[in-house]
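Observations on the three-dimensional arrangement
Listed here are the chains, written in short residue letters.
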Amino acid sequence: RVPGDVSVVGFDDCEMASYISPSLTTVRQPLRDMGSGAARILLDVIEGFRHGEWEPGDNTPGIIEPAKMVIRESTGPAAR
């Protein structure tokens, strides 16, 4: 039984997660922010390469976007 015997957690918060029964607790990633951040980094690297400020093999900057835990019905307290 979920969540009575076991808790279930998904990842990526697909649309269906909130419609199934019990609704699925999941980790939501900010996909739009991740995509625009990656595009921004790519454009900066290209621009740096064109101006001689970046060489192949140099470390490429990274970004960290915070994920969010969305608590729904598929998780519950641990059994004692």
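Keep in mind it's a predicted model, so treat the numbers as computed, not measured.

Turning our attention to the overall build of the chain. Tallying secondary structure elements over the chain gives 1 helix and 3 strands in all. Since a compact globule built from 80 residues should have a radius of gyration of about 12 Å, the 20 Å found for the chain marks it as more spread out than a globular shape. The C-alpha extent of the chain, read off along each of the three principal axes, is 60 × 25 × 15 Å. Here the chain holds 80 residues, and 21% of them are scored as buried. Once local pairs closer than 6 in sequence are excluded, the contacts in the chain between residues at least 24 apart make up 62%. Looking at the chain as shown, the accessible area adds up to about 6,300 Å², and 57% of this sits on carbon and sulfur atoms. Computing the positive centroid from 8 side-chain charges and the negative centroid from 12, the chain places the two 12 Å apart.

Moving on, we get to the pairing of strand β2 (residues 25-28). Every regular strand shows the same layout, with side chains that alternate between the two sheet faces. Pairing between strand β1 (residues 9-11) and β2: 3 bridges, direction parallel. Bridged to F11 within β2 is V27. As paired elements, β2 and strand β3 (residues 68-70) share 3 bridges and run antiparallel to each other. Paired with R28 across the strands is K68, a residue of β3.

With that settled, the discussion passes to the sheet that holds β3. Taken together, the 3 strands give an open sheet; going across it, the order is β1-β2-β3, and neighbouring strands pair in mixed fashion. Every interior strand has two partners, whereas the edge strands, β1 and β3, have only one. Across the sheet, the mean angle from the axis of one strand to that of its neighbour is 25°, orientation sign disregarded.

Attention shifts here to a nonpolar patch on the surface. Where nonpolar side chains cluster on the molecular surface, the patch consists of V2, V6 and V8 and spans about 200 Å² of accessible area. The topology assignment puts V2 in the segment before β1. Given a relative accessible area of 36%, V2 falls into the partly exposed group.

A few words now on the pattern of salt bridges. Considering all chains together, one arrives at 4 salt bridges under this definition. For D13, the salt bridge identified is with R28, shortest N-O distance 2.7 Å. Of the two residues, D13 sits in the loop between β1 and β2 while R28 sits in strand β2, which places them 15 residues apart along the sequence. Taking the relative accessible area as the measure of exposure, R28 reaches 34% and is therefore partly exposed. Taken together, the salt bridges that share partners define one network made up of D13, R28 and R72.

What counts and how
Residues numbered from 1 in each chain as written. Predicted model: local features only at pLDDT ≥ 70, side-chain atom pairs only at ≥ 80, totals over all residues. Heavy atoms only, no water. Helix = DSSP H or I, 4+ residues; strand = E, 2+ residues; numbered from the N terminus. Rg over C-alpha atoms; globule rule 2.2 N^0.38 Å. Buried < 20%, exposed > 50% of the residue type's maximum accessible area, 1.4 Å probe, protein only. Contact = heavy atoms within 4.5 Å. Areas by Shrake-Rupley, 256 points an atom, 1.4 Å probe, with all protein chains shown as cover. Lys, Arg positive; Asp, Glu negative; His and termini not counted. Charge placed at Lys NZ, Arg CZ, Asp CG, Glu CD. Pairing = 2+ DSSP bridges. Axes fitted to C-alpha atoms, helices over the stretch in contact; angles between N-to-C directions. Patch = residues over 30% accessible without salt bridge, like charges linked within 9 Å, V, L, I, M, F, W, Y side chains within 5 Å. Salt bridge = Lys/Arg side-chain N within 4 Å of Asp/Glu carboxyl O.

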